[in-house]
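Structure assessment
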Number of protein chains: 2
Amino acid sequence: MAEIDEIDHQVLRLLREDGRRTFSEMAAEIGLSVAAVKRRVDRLREIGVITGFTVRVDYAKLGWGIEAFTELRYPGTTPVAKIIRTATDVPEVQEVFTIAGDPDALIHVRVRDLSHLQQVIDRLRRAGDVTGTKTLLVLGSWTRDTGSATDTRSATDTGPAGEPGRRPPR
Amino acid sequence: MAEIDEIDHQVLRLLREDGRRTFSEMAAEIGLSVAAVKRRVDRLREIGVITGFTVRVDYAKLGWGIEAFTELRYPGTTPVAKIIRTATDVPEVQEVFTIAGDPDALIHVRVRDLSHLQQVIDRLRRAGDVTGTKTLLVLGSWTRDTGSATDTRSATDTGPAGEPGRRPPR
DNA sequence: GGTGAAATTTAATTGAC
DNA sequence: GTCAATTAAATTTCACC
């Protein structure tokens, strides 16, 4: 395993809070030179600790106000690759986790409203040889990165829900 | 609700893939001027669609190779605020989702190994008036942002599992 | 491993149209 | 929305501790 010291963790923490922090900003915060900070970020990317940068999006503001986790169960004969494929084929699926034991997979979905959620679950059930599902509807969430909480409920009335069957925005 | 057009969605898709894409890079991709792209990004931040930028980290490379979801159950009398607080107090907890129905919360944890996981679960059980837990151990995961899958077991990048799902939701 | 400074390149920003 | 000028930042390259 790579040797990561306290300063590296500090760099990662600063970038987790704001992935667009400049080197000079971080250098001032940490108490190192700009060149030293850049060398550390470069190294963290090289050894694969930093795999990239991304944007944080408020999906509720995009009309995707509902968030859910669906547990999927498959027959013992279903290969993992097929489980992943059937889930990732559904555009509303944001993340797929394959699980040891029961259930076999946990998928994170974002949808416009509850009828849309119903459609997505139906599609998942039909897609593979799914033997059972259980869906956990998210009411609110908290993330360590930002330390901020969101309330899903207030996001449900953000606008006209598309008709069932309309394709989700991208 | 804010009006988000196709180009805005294109900008968001590009930034989800790489949050450090430059305006000129995106301008070329989209077919607009640099200034026009910047104006859109500024607006998306102003109206709160873009809430920030962050770094993607391979936690396995930091020695936090084990990922799990724990379902928590509480007595009906426990207020939601307390549920969130008891979970966020545990540093290994990355995300907390409050759930409609059963269970009451789903929490995403990252730990070094299985005995560490055991400790975290024990701490969660003691922290509040938790009446029950069920932990789903993650073997592998896939994220739409990157379209790449990771295998928790070997902590190495297995690359895309096939070619599904990469197409953005429409 | 780190510093500091100068030169270069590249990107971000602003204002006129 | 474009385009051009300006400002700011990232990057490279030194010599050095």
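Since the structure is predicted, the reported quantities are computational estimates derived from the model, not experimental observations.

So, about the protein's contact with DNA strand D. Around DNA strand D sit Thr 22, Phe 23 and Lys 38 of chain A together with Leu 32, Ser 33, Ala 35, Ala 36, Arg 39 and Arg 40 of chain B, and those are all the residues in its vicinity. Atoms of DNA strand D within 4 Å of the protein: sugar and phosphate make up 79%, bases the balance. The contact in question runs from a base nitrogen of DNA strand D to an N or O atom on the side chain of Arg 39 of chain B, over 2.8 Å. The side chain of Arg 40 of chain B places a nitrogen or oxygen atom 2.5 Å from a phosphate oxygen of DNA strand D. In terms of residue count, the dominant contributor to the surface near DNA strand D is helix α3 (residues 34-46) of chain B (four residues). Taken together, the residues of the surface near DNA strand D sort by class into four nonpolar, two polar and three charged.

The residues that UniProt annotates with the feature "domain: HTH asnC-type" (unreviewed entry) are residues 4-65 of chain A. As annotated, residues 4-65 of chain A comprises 53% helix and 13% strand, and the C-alpha atoms at either end are separated by 38 Å.

Once chain B has been moved 0.0 Å along the axis and rotated by 180 degrees, it coincides with chain A to within an RMSD of 0.1 Å. Here the two chains are linked by the operation of a two-fold rotation axis. If distances are taken from each C-alpha of chain B to the rotation axis, the shortest is found for Thr 54 of chain B, at 2.8 Å. The residues that chain B uses at the interface reappear at the interface of chain A in 92% of cases, marking a shared surface.

With 65 residues of chain B at the contact, the number on the chain A side is 67 residues. Overall, the association of chain B and chain A removes approximately 6300 Å² of surface from exposure, summing both partners, and the carbon and sulfur fraction of that is 56%. Here chain B is connected to chain A by zero salt bridges. The tally of links from chain B across to chain A stands at 37 residue pairs in polar contact (both at pLDDT 80 or more). Mapped onto the side of chain B that touches chain A, the elements with two or more residues apiece are α1 (6-17), β1 (50-57), β2 (66-73), β3 (93-100) and β5 (132-143) of chain B. For the side of chain B that touches chain A, the leading source of residues is β5 of chain B, giving nine residues. By residue class, the composition of the side of chain B that touches chain A is 30 nonpolar, 15 polar and 20 charged. Both strand β3 (residues 93-100) of chain A and β5 of chain B contribute to a ladder of six bridges, which runs antiparallel. For Ala 100 of chain A, the partnering residue across the bridge sits in β5 of chain B and is Leu 137 of chain B.

About the criteria used
- Residues numbered from 1 in each chain as written.
- Chains lettered and ligands numbered in written order.
- Predicted model: local features only at pLDDT ≥ 70, side-chain atom pairs only at ≥ 80, totals over all residues.
- Heavy atoms only, no water.
- Near = heavy atom within 4 Å.
- Polar contact = N/O pair within 3.5 Å; in protein donor to acceptor, adjacent residues only side chain to side chain.
- Helix = DSSP H or I, 4+ residues; strand = E, 2+ residues; numbered from the N terminus.
- Nonpolar A, V, L, I, M, F, W, Y, C, P; charged D, E, K, R; others polar.
- UniProt positions renumbered as here; feature names shortened; annotations may be inferred.
- Least-squares fit on C-alpha atoms with pLDDT ≥ 70 in both.
- Contact = heavy atoms within 4.5 Å.
- Buried area = accessible area lost by both parts, 1.4 Å probe.
- Salt bridge = Lys/Arg side-chain N within 4 Å of Asp/Glu carboxyl O.
- Pairing = 2+ DSSP bridges.

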